Amino acid sequence: MTHDTARGARTGQGLALALVSATAFGMSGTLARGLLDSGWTAGAAVSVRIGLAAVVLLVPGLLAVRGRWHLLRDNVATVVAYGVAAVAGAQLCYFYAVTHLQVSVALLIEYTAPVAVVVWLWLRHGHRPNRLTLAGAALSMLGLALVLDLVSGAELEVVGVLWALGAMVGAATYFVISADEDSGLPGISLAAGGLVVGGVVLGAAGLLGVLPMDASTNDAVYDGRHVPWWLPVLALGLVTAAVAYVTGIAASRRLGPRLASFVALTEVLMAVVFAWLILDELPRGVQLAGGLLVLAGVVLVKLGEGGDAHLTVEPLPDPLELNVSGRPGA
């Protein structure tokens, strides 16, 4: 009973953290819209967002491994992969995808990442999904299509689809690496390291001319309301990147990559809600119905997870805790 209670508490914490992460990530598009409309390029907005978050998390991330520097040395490849694929790669691929595809189509392809996670765990680790998980995946994908208001007959460019699939791989990599606790690397250190690597990659892409970089000090405008440019910039860096990545990693380590990736689909719902509240873009009825299907799919996946004994994990120290002494439990 004690074990079940601890596991239930850990799952509850994971769901709460996953929702915080999804909400923070979902805010990014709406905040960026004001900057883009004022003269910023997507590349500049993304680079500043990632760079600011890296600066904010760098010191806490280093303090979390003080006295245990071998954790960084032993996990250099993981941190680099996380920064290149999950941070910079996903952003860059999505940016190029929307230059060839409708935004809704690109998003739908990218957000097939939970299905990719299920397939990866099945092929790589033998975690065969049961019927509830498969039903939940199908229901969530259907709901996602409705939330994005995907219209039939949209023209697809092969190049755009390939870029969107690259973004999907980056998103799936995010969930798989975030959920890995075997490395011993604190979640906040992984987030900081990945953001630093991602910021360097994005900066290099800008210097090489691969990613257009233009910024402006004009006010950002949201549904007729003017705000100083630095306000959405700070929110993008602190909330939609720093908070989002740290809580996302903590959630994945409590829920596992499969369930965490499906709960993260609520990011799309949050994006619709923030577009409604801040930009006055009212969601259509079909989008609200799609949101209910996504939530129903997540519930089915959670029920399917309950039947998988091999996914059970023991409670571990909170990855958000800053271990300033370098000793466990200090």
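In this numbering scheme, every chain counts its residues from 1 along its sequence in written order. With the structure being a predicted model, the display of local features is reserved for residues of pLDDT at least 70 and the display and counting of side-chain atom pairs for 80 or more, all residues being used for whole-chain, interface and lining totals. The side-chain numbers reported here are obtained from all heavy atoms of the structure, hydrogens and water having been left aside.

The name that an unreviewed UniProt entry assigns to the protein chain is DMT family transporter, with the source organism given as Nocardioides seonyuensis. UniProt positions are given in the numbering used here, feature names are shortened, and annotations may be inferred rather than shown by experiment. Per UniProt, the protein chain has the following entry under Sequence similarities (unreviewed entry): "Belongs to the EamA transporter family."

Undergrad: Quick question: what am I supposed to make of the overall build of the protein chain here?
TA: Of regular secondary structure, the protein chain possesses 13 helices and 2 strands. Here the term buried applies to any residue with accessible area under 20% of the maximum for its type, exposed to any over 50%, and partly exposed to those in between, with areas from a 1.4 Å probe on protein chains only. Within the protein chain, the fraction of its 330 residues that count as buried is 49%. Any two residues whose heavy atoms approach within 4.5 Å are treated as being in contact. Sequence separation of at least 24 residues holds for 89% of the intrachain contacts in the protein chain that already meet a minimum separation of 6. Areas reported as accessible are Shrake-Rupley estimates using a 1.4 Å probe. Residue values count occlusion only from the protein chains shown. Accessible area for the protein chain stands at about 15100 Å²; split by element, carbon and sulfur atoms hold 68% of it. Helix and strand assignments follow DSSP, with helices taken as H or I runs no shorter than four residues and strands as E runs no shorter than two, numbered in order from the N terminus.

Undergrad: Can you walk me through helix α12 (residues 266-279) in this structure?
TA: Since there are 3.6 residues in each turn of an α-helix, residues three or four apart along the chain are aligned in direction. Here the expected span of a helix is defined as 1.5 Å times the quantity of residues minus one. Spanning 14 residues, α12 covers 19 Å between terminal C-alpha atoms, matching the ideal 20 Å at 1.5 Å per step. Within the span of α12, buried status applies to T266, E267, V268, L269, V272, F274, A275 and L279. Where α12 ends, the next residue or the one after it, D280, has phi of about 60°, a positive value.

Undergrad: Before we go on, may I ask you to explain the environment of A54 in this structure?
TA: On the secondary structure map, A54 appears in helix α2 (residues 42-63). Its relative accessible area of 7% is what places A54 among the buried residues. Separated by 141 residues in sequence, A54 and L195 place their C-alpha atoms 5.0 Å apart. For A54, the contacting residues outside a window of four places in its chain are L195 and V196.

Undergrad: Quick question: what am I supposed to make of the packing of aromatic side chains here?
TA: Note on aromatic pairs: each is described by the distance of the centres and the angle between the planes. Pairing of aromatic rings covers Phe, Tyr and Trp, the last counted by its six-membered ring, and requires centre-to-centre distances within 6.5 Å; plane angles under 30 degrees mean stacked, over 60 mean edge-to-face, and any other angle means tilted. Per the stated rule, a full pass over the model turns up 6 aromatic pairs. Ring centres of F25 and Y245 lie 5.1 Å apart, and the angle between their planes is 85°; on these two criteria the pair is classed as edge-to-face. With F25 in helix α1 (residues 2-37) and Y245 in helix α10 (residues 230-255), this residue pair connects regions lying 220 residues apart in the sequence. This pair shows no difference in class: F25 is buried, exactly as Y245 is. An aromatic cluster of three or more residues is present, and its members are F25, Y82, Y174, F175 and Y245.

Undergrad: Help me understand unusual backbone geometry, please; the structure alone is not making it clear to me.
TA: Apart from glycine, the bulk of residues carry a negative phi angle, and the bulk of peptide bonds sit in the trans form. Although it is not a glycine, D223 sits at a positive phi angle of roughly 55°. Along the chain, D223 turns up in the loop between β1 (220-222) and β2 (225-227).

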